[in-house]
Amino acid sequence: MRPQLGPSKAGSLEDKLLGFRGPALPGMPSAPAEKRALITGITGQDGSFLAEQLLAKGYEVYGIVRRLSTPNPQNIRHLLGTVHLLDGDLHDQASLETAIRFSEPDEIYNLAAQSFVGVSFNQPVVTGEVTGLGALRLLEAMRSRADKARLYQASSSEMFGQGVAERLNEGNGFHPRSPYGVAKVFAYWACVNYRESYGLYIANGILFNHESERRGLEFVTRKISDGVARIRHGLASDLHLGSLTSQRDWGYAPEYTDLMWRILQPTVAEDYVGATGETHSVEEFAREAFRAAGIDDWSRYIVTDRRFARPADVDHLCGDATKAKERLGWEAKVRFPELVHRMVQADLARHARTAPS
Ligand code: NAP
């Protein structure tokens, strides 16, 4: 029999996380949902969009939330009461097994990671532990507790690193250029190995960069959209950036979380690339962002700051998502200028609420 989620346990976690003071899990559907999904990394950019989309499809959604001294519920505040939040950490095998036992998921989405490339150079061991070994711990928990479930692994274009092809697809080899990329390659191959060794349904989404108004502020796209909005509102006078020449294939995050779900629907588990097929430099992103904020003389605000240089960098990434288009009917529709404008407009509106008039 399926173990019941103790109301006090879930309720107390929501209390801690969100300052919530109502009955435990209000508004949860009383009839059992058709499918259950478990998301690691639900508080992140992708986890929050994915949870919304799965709820809209009628899933019962469980999310693993790690303990932080200061909770960061901003991305999931609006989902309070509609998702089940479970204590857990990718460092902790027992917590993953408990989460799987409670949720009995049909689908597991492993989105949790130390996901910032820059930090991975300063914290390589933590990155390896969470982004690499964390995925392995989840695979073991799946193998022992939910071997009929389907698992999505959040693999990354950073695995290609120093890629050999102009546009990279599922057939290209990996040459990661950061501890983050190395950890993701480990997790990728662990997934392939568990699929082949134990016949588990495990699929990698090798996704190129995807951004949104929920992107963490340390990532360069959000740093730019936020910095430009601050400058526009008179809250900052310049914007410090590392390399302006790095080129990335940037898409819009909710489209990529839709792809994650699609990747788990075919009968046979396979790996897929998700990308727009276009690449743009950091400088182009900055120029477009200043334009979106109505600032023409953009270059006078940019300060190139060597503190943001990395020991090794990836100069150019561009993906080829033909397989996802042909097999899953997926295509990135939000293009570069629209993505930049969406992010800048969101940050302009956010700072307008706090800026002195
Ligand atoms: P994100 O916003 O940084 O979210 C990362 C999530 O992982 C957060 O919910 C974070 O929780 C959680 N987490 C970190 N350490 C954990 C731990 N020890 N135990 C449990 N949870 C932990 O990342 P994202 O942009 O949504 O990306 C989702 C996944 O896709 C990541 O694995 C990322 O590496 C991968 N990916 C992203 C992109 C992209 O462009 N966005 C591209 C390719 C692959 P806290 O909120 O507590 O920090």
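A. Fine view of unusual backbone geometry. Even without glycine at this site, Glu104 takes up a positive phi of about 40°. Among the secondary structure elements, Glu104 is positioned in the loop between helix H3 (93-103) and strand E4 (107-110).

B. Seen up close, the domain arrangement of the protein chain. For the protein chain, the assigned domains are domain 1 (14-212 + 252-274) and domain 2 (220-247 + 279-314 + 335-352). Relative to domain 2, the C-alpha centre of domain 1 lies at a distance of 28 Å. Listed as interface residues are 10 residues of domain 1 and, on the opposing side, 10 residues of domain 2. When residues of domain 1 are sorted by the area they lose upon contact with domain 2, Arg177, Glu211 and Tyr252 head the list and together hold 50% of the total. Taken together, the links from domain 1 to domain 2 amount to 0 salt bridges. Here domain 1 is connected to domain 2 by 3 residue pairs in polar contact (both at pLDDT 80 or more).

C. Looking closely at the packing of helix H2 (residues 45-56) against helix H8 (residues 253-263). H8 packs onto H2 with a crossing angle of 65° between their chain directions and a minimal axis gap of 9 Å. You can see that H2 and H8 cross each other, and the crossing is right-handed. In this structure, H2 uses Gln45, Asp46, Phe49, Leu50, Gln53 and Leu54 to contact H8, whose residues at the interface are Ala253, Pro254, Thr257, Asp258, Met260 and Trp261.

D. Fine view of helix H6 (residues 179-198). When the terminal C-alpha atoms of H6 are compared, their 28 Å separation across 20 residues agrees well with the 28 Å that a helix rising 1.5 Å per residue should span. Buried within H6 are the following residues: Tyr180, Gly181, Ala183, Lys184, Val185, Ala187, Tyr188, Ala190, Cys191, Val192, Tyr194 and Arg195. Looking one or two residues beyond H6, the residue adopting positive phi is Gly199, at roughly 70°.

E. Structural detail: the pairing of strand E1 (residues 36-40). Burial runs high along E1: 5 of the 5 residues are buried. On E1, burial covers both faces: Arg36, Leu38 and Thr40 on one face and Ala37 and Ile39 on the other are all buried. Where E1 lies against strand E2 (residues 60-65), 5 bridges are found, and the strand directions are parallel. Residue pairing across strands places Ile39 opposite Gly63, the latter belonging to E2. Tracing the backbone out of E1, into H2 and back to the parallel element E2 gives a crossover that is right-handed. Note that E1 and E4 share 4 bridges and pair parallel. Bridge pairing in E4 links Thr40 to Asn110.

F. Just the packing of aromatic side chains, in detail. Throughout the structure, instances matching the rule amount to 12 aromatic pairs. A ring pair is formed by Phe160 and Phe174, whose centres lie 5.4 Å apart and whose planes are at 55°; its orientation type is tilted. Of this pair, Phe160 sits in the loop between strand E5 (150-156) and H6 while Phe174 is found in the loop between E5 and H6, placing the two residues 14 residues apart along the sequence. By relative accessible area, Phe174 is classed as partly exposed at 23%. An aromatic cluster is defined as three or more aromatic residues linked by ring pairs; in this entry it consists of Phe160, Phe174, Tyr188, Trp189 and Phe208. When the ring centre of Phe116 is taken as origin, the NZ or CZ atom of Arg310, which lies over that ring, is 5.6 Å away.

Rules used throughout
Residues numbered from 1 in each chain as written. Predicted model: local features only at pLDDT ≥ 70, side-chain atom pairs only at ≥ 80, totals over all residues. Heavy atoms only, no water. Helix = DSSP H or I, 4+ residues; strand = E, 2+ residues; numbered from the N terminus. Domains from an automatic or database assignment. Contact = heavy atoms within 4.5 Å. Buried area = accessible area lost by both parts, 1.4 Å probe. Salt bridge = Lys/Arg side-chain N within 4 Å of Asp/Glu carboxyl O. Polar contact = N/O pair within 3.5 Å; in protein donor to acceptor, adjacent residues only side chain to side chain. Axes fitted to C-alpha atoms, helices over the stretch in contact; angles between N-to-C directions. Left-handed = near helix turned anticlockwise from the far one by under 90°. Expected span 1.5 Å × (residues − 1). Buried < 20%, exposed > 50% of the residue type's maximum accessible area, 1.4 Å probe, protein only. Pairing = 2+ DSSP bridges. Right-handed = clockwise from strand over helix to strand, strands pointing away. Phe/Tyr/Trp six-rings, centres within 6.5 Å; stacked < 30°, edge-to-face > 60°. Lys NZ or Arg CZ within 6 Å of the ring centre and 35° of its normal.

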